[in-house]
Amino acid sequence: MNVISTQMSSSIENGSWIRRMFEAGIQLKQQYGDDAVCDFSLGNPDMAPPPAVGKALRAFAEHVDEPFSLGYMPNAGFGWAREKLAAHVSKEQGVELAANDVILTCGAAGALNVIFKAVLEPGDEVLSVTPYFVEYGSYVDNHRGVFKKVPTLPDTFGLDLAAIEAALTPKTRAMIINSPHNPTGTVYTREELEGLVSLLAKASERNGRPLYLIADEPYRFLAFDGVDVPSLLPMYPYAILASSFSKNLSLAGERLGYIALSPLFAERGQLMAGLTLANRILGFVNPPVVGQHLMAGALGSQVDVGVYARRRDLMAGILADAGYDFQLPKGAFYFFPKAPGGDDVAFVNKLLEQRILAVPGSGFGGPGHFRLAFCVEDEVIARSAEGFKRALA
Ligand SMILES: Cc1ncc(COP(=O)(O)O)c(C=O)c1O
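- The chain is annotated in an unreviewed UniProt entry as Aminotransferase of Candidatus Bilophila faecipullorum.
- Annotation of the chain in UniProt includes, under Cofactor (unreviewed entry), the sentence "pyridoxal 5'-phosphate".

Written out as structure tokens, the structure reads:
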């Protein structure tokens, strides 16, 4: 009996590696106890939200008995929330945004779906570099686009501009980039981004329509050693920023994200109308009420980045000491070391024998590597040292 579509059946069959590791982790924890397992499989921030979030939630609770306190709102979010967000993103990106240049969404994931829904014709191509955030392919496919992968430079995972140029066609409608990057921890330099923008501007002109550059930036706040994360909105009229408060406010389950458009884009009003309708008809209807109140109270605060920096250094020491080949992450909370022996699935299984949970790079279009998420307590990282050594032995 065809209870679900064949496409969905095969997606479940090929299901995400992250979920498989998550399930393997539950089993191991049941068998040996939580303290015997080192789980680096999930990018779910473990730090408590900053105090401003709790304060905003308590203040909101005082008014929850009023009519419409939790009611529907305009599809793009509350006007006051858009105003506050526009002021915040203006400062962050170095542009002048009005409330109408931003829209609130259900997470960055919702933002990406809303963007693809608003701009893709059937068969339009969306470029992404490899490796990439595992859900991009599904999001593009949800809106009848074709997901096209372009390799990055070996070892550094930097942008290979020649490969990107070669991949551009009249059907290319968008390119999605993510910096700081999940899973590699790469942060693109201004020079790389300027080179990219120049390619996309020329292609837009050739194609006679905008080739959008979607900047997926939920990790913007998390760049180490003072590294610069260049802003794209002032650089390119067809840049679209997609982001969220999932990581910087540890608010991942509350699903509050946003989109911001470049003020250099004269026709952005039309794009915003498309995004707003997409927010509604994709079934999100509007962004979460509570999340917007939390955002308003907590804009400008964030979790302690120093904690992530300390964990990065701790894990780097352990991996280097054991003899792994890896690039030190410049941002985000992931390592993406080379899988010893080259077979990432086989090596992740070896780590599993040591009760260490990692995700094979194949799940991110980056075979031959494995991903470790270090949004876990220092103690878990410290405890993994012997297991990492034994897996390599
Ligand atoms: C690169 C990247 N983009 C988007 C998302 C989705 O985040 P959100 O919780 O805001 O939907 C994630 C989540 O891990 C991510 O790593």
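There's plenty left to go through after this.
**Here we look at the site of the ligand**
- Around the ligand sit 13 residues, and of these D216, Y219, S244, S246 and R255 come closest.
- Within the backbone of A108, an N or O atom sits 2.8 Å from an oxygen atom of the ligand.
- Residue A109 places a main-chain N or O atom 2.9 Å away from an oxygen atom belonging to the ligand.
- Burial of the ligand by the surrounding chains reaches 92%, relative to a free accessible area of 400 Å².
- The biggest single contributor to the shell around the ligand is helix α5 (residues 107-119), with three residues.
- For the shell around the ligand, a count of residues per class yields five nonpolar, five polar and three charged.

**Here we look at the sheet that holds strand β5 (residues 172-178)**
- Pairing within the open sheet is mixed, and its seven strands lie in the order β2-β8-β7-β6-β5-β3-β4. Each edge of the open sheet carries a strand with a single partner, namely β2 (102-105) and β4 (146-150). Adjacent strand axes in the sheet meet at a mean angle of 25 degrees when their direction is disregarded.
- Contacts from helix α9 (residues 268-284) reach β2, β6 (212-216), β7 (239-244) and β8 (257-261), with the element oriented near 15 degrees to β2.

Conventions we followed
- Residues numbered from 1 in each chain as written.
- Predicted model: local features only at pLDDT ≥ 70, side-chain atom pairs only at ≥ 80, totals over all residues.
- Heavy atoms only, no water.
- UniProt positions renumbered as here; feature names shortened; annotations may be inferred.
- Near = heavy atom within 4 Å.
- Polar contact = N/O pair within 3.5 Å; in protein donor to acceptor, adjacent residues only side chain to side chain.
- Areas by Shrake-Rupley, 256 points an atom, 1.4 Å probe, with all protein chains shown as cover.
- Helix = DSSP H or I, 4+ residues; strand = E, 2+ residues; numbered from the N terminus.
- Nonpolar A, V, L, I, M, F, W, Y, C, P; charged D, E, K, R; others polar.
- Pairing = 2+ DSSP bridges.
- Axes fitted to C-alpha atoms, helices over the stretch in contact; angles between N-to-C directions.
- Contact = heavy atoms within 4.5 Å.

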